[in-house]
Amino acid sequence: MTEELEVIDPQERFQEFFKTERYRQRISQLSVTGKTSLMVEFEELLAFDQRLAEDLLENPEEYLKHTNNAAYAQLQIEDQEYAEKIETVTVRIVRLFEAEQLRKLGSDQIGKLIMVVGIVVRSSPVRPMVMQGAFKCKRCGTVMPISQSGPFLKAPFACGSPDCGSKGPFDFVQEESTFIDTQELRLQERPEDLPPGQLPRTLHIKLVGSEIVDLARPGDHVSVVGIVCAVAPTLPGVGKLRTFTLHVDANSTE
């Protein structure tokens, strides 16, 4: 039995979870509410398959892709038409058992799925971010879609037309590019979590997706589940620093 568990496909296992009555109902409700996000309570996943839930906490980058794919596959069964319309489902995990203390976040939590609670002290305006940029070759007019990642807009290396192959210049075509809403929050420790005589610490939270931005405002108490990321600041003309700063890429906010 244990050997069988070793080779089980996480995506298939998540889909078995989504085939339970409760989640089939939630998935078929997506088209009614017009949403693309599916809330999953961590406790229910843990009760269904403890190992799967633990793997999700340890390798969230990989396992959240499996959950999204499995939820989308189940949506295709429940409502093929809506699945074709939205193309992806984002699974949002809520209510982990324990919240991590902001001041105790460190190298051990990098890359892990955690929950933090605190007070929003600052929120940025909602800004659109390019997910797929369309670029037009100025020489021949060919338009090329380029998937975007990282902080800077990436243009193609060369024109995709076999007759052209020009190394540029390229124009960014806004109308044919796809965008997603993003927002940044600054989360501060709650007074009850402070050790005596200490000043409250803060943490940077990044939100991506129209269904989780613009929910929390300064003064709100929030619970955020997300992946701890470490980024090395860059000094102009010097390069990246050895000490990294931590932030959380939010998966869900409540």
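Anyway, here's the lowdown on the structure attached to this text.

Calculation rules
Residues numbered from 1 in each chain as written. Predicted model: local features only at pLDDT ≥ 70, side-chain atom pairs only at ≥ 80, totals over all residues. Heavy atoms only, no water. Buried < 20%, exposed > 50% of the residue type's maximum accessible area, 1.4 Å probe, protein only. Helix = DSSP H or I, 4+ residues; strand = E, 2+ residues; numbered from the N terminus. Contact = heavy atoms within 4.5 Å. Polar contact = N/O pair within 3.5 Å; in protein donor to acceptor, adjacent residues only side chain to side chain. Core = buried A, V, L, I, M, F, W, Y, C linked by side-chain atoms within 4.5 Å. Salt bridge = Lys/Arg side-chain N within 4 Å of Asp/Glu carboxyl O. Pairing = 2+ DSSP bridges.

Another aspect to go through is helix α2 (residues 10-18). Listed as buried for α2 are Pro-10, Arg-13, Phe-14, Gln-15, Phe-17 and Phe-18. Buried positions along α2 lie against α3 (21-33), β1 (37-41), α4 (42-48), α5 (50-58), α6 (60-78) and β2 (90-94). Between a side-chain oxygen at the N-terminus of α2 and the backbone nitrogen of Gln-11 the separation is 3.0 Å; the capping residue is Asp-9.

Let us now look at the nonpolar core. In terms of nonpolar packing, the biggest core is built from 31 residues, with Phe-18, Leu-38, Val-40, Leu-75, Val-89 and Ile-93 touching the most fellow members. Considering every element that reaches this core, the biggest residue donor is α6, with 6 residues. Once residues lying within four places of it in the same chain are set aside, the contact partners of Leu-75 are Ile-27, Gln-80, Tyr-82, Ala-83, Ile-86 and Val-89.

This paragraph deals with unusual backbone geometry. Here Gly-168 and Pro-169 are connected by a cis peptide whose omega angle stands at 0°. With respect to the secondary-structure elements, Pro-169 resides in the loop between β5 (143-147) and β6 (170-172). One non-glycine residue with positive phi stands out, namely Glu-87, at about 70°. Within the secondary structure layout, Glu-87 lies in the loop between α7 (80-86) and β2. Phi is positive for Arg-95, close to 60°, though the residue is something other than glycine.

Before going further, it helps to examine the pattern of salt bridges. Per the stated rule, a full pass over the model turns up 14 salt bridges. The salt bridge involving Asp-49 is made with Arg-13; its shortest N-O contact spans 2.6 Å. Taken together, the residues Asp-49 in the loop between α4 and α5 and Arg-13 in helix α2 connect sequence positions 36 residues apart. Exposure class is identical for Asp-49 and Arg-13. Each is buried. For Lys-138, the salt bridge identified is with Asp-171, shortest N-O distance 3.8 Å. Of this pair, Lys-138 sits in the loop between β4 (127-137) and β5 while Asp-171 is found in strand β6, placing the two residues 33 residues apart along the sequence. Overall, Lys-138 belongs to the exposed group, its relative accessible area being 52%. Each of the salt bridges in this network shares a partner with another, and the network as a whole consists of Arg-22, Arg-26, Glu-41, Glu-44, Arg-95 and Glu-254.

Turning our attention to the side chain of Gln-148. Position of Gln-148 among the secondary structure elements: in the loop between β5 and β6. Since its relative accessible area comes to 12%, Gln-148 is described here as buried. A distance of 3.1 Å separates a polar atom in the side chain of Gln-148 from the backbone oxygen of Ile-146. A distance of 2.6 Å separates a polar side-chain atom of Gln-148 from the backbone nitrogen of Lys-154. Those residues in contact with Gln-148 that sit more than four places away from it in its chain are Val-130, Met-131, Gln-132, Gly-133, Phe-135, Leu-153 and Lys-154.

The next subject is the pairing of β2. Summarising burial for β2: 4 of the 5 residues are buried, a large majority. Alignment of β1 against β2, held across 5 bridges, turns out to be parallel. Bridge assignment links Glu-41 to a residue of β2, and that residue is Val-94.

The quantities given are spatial measurements derived from coordinates; they are silent on function.
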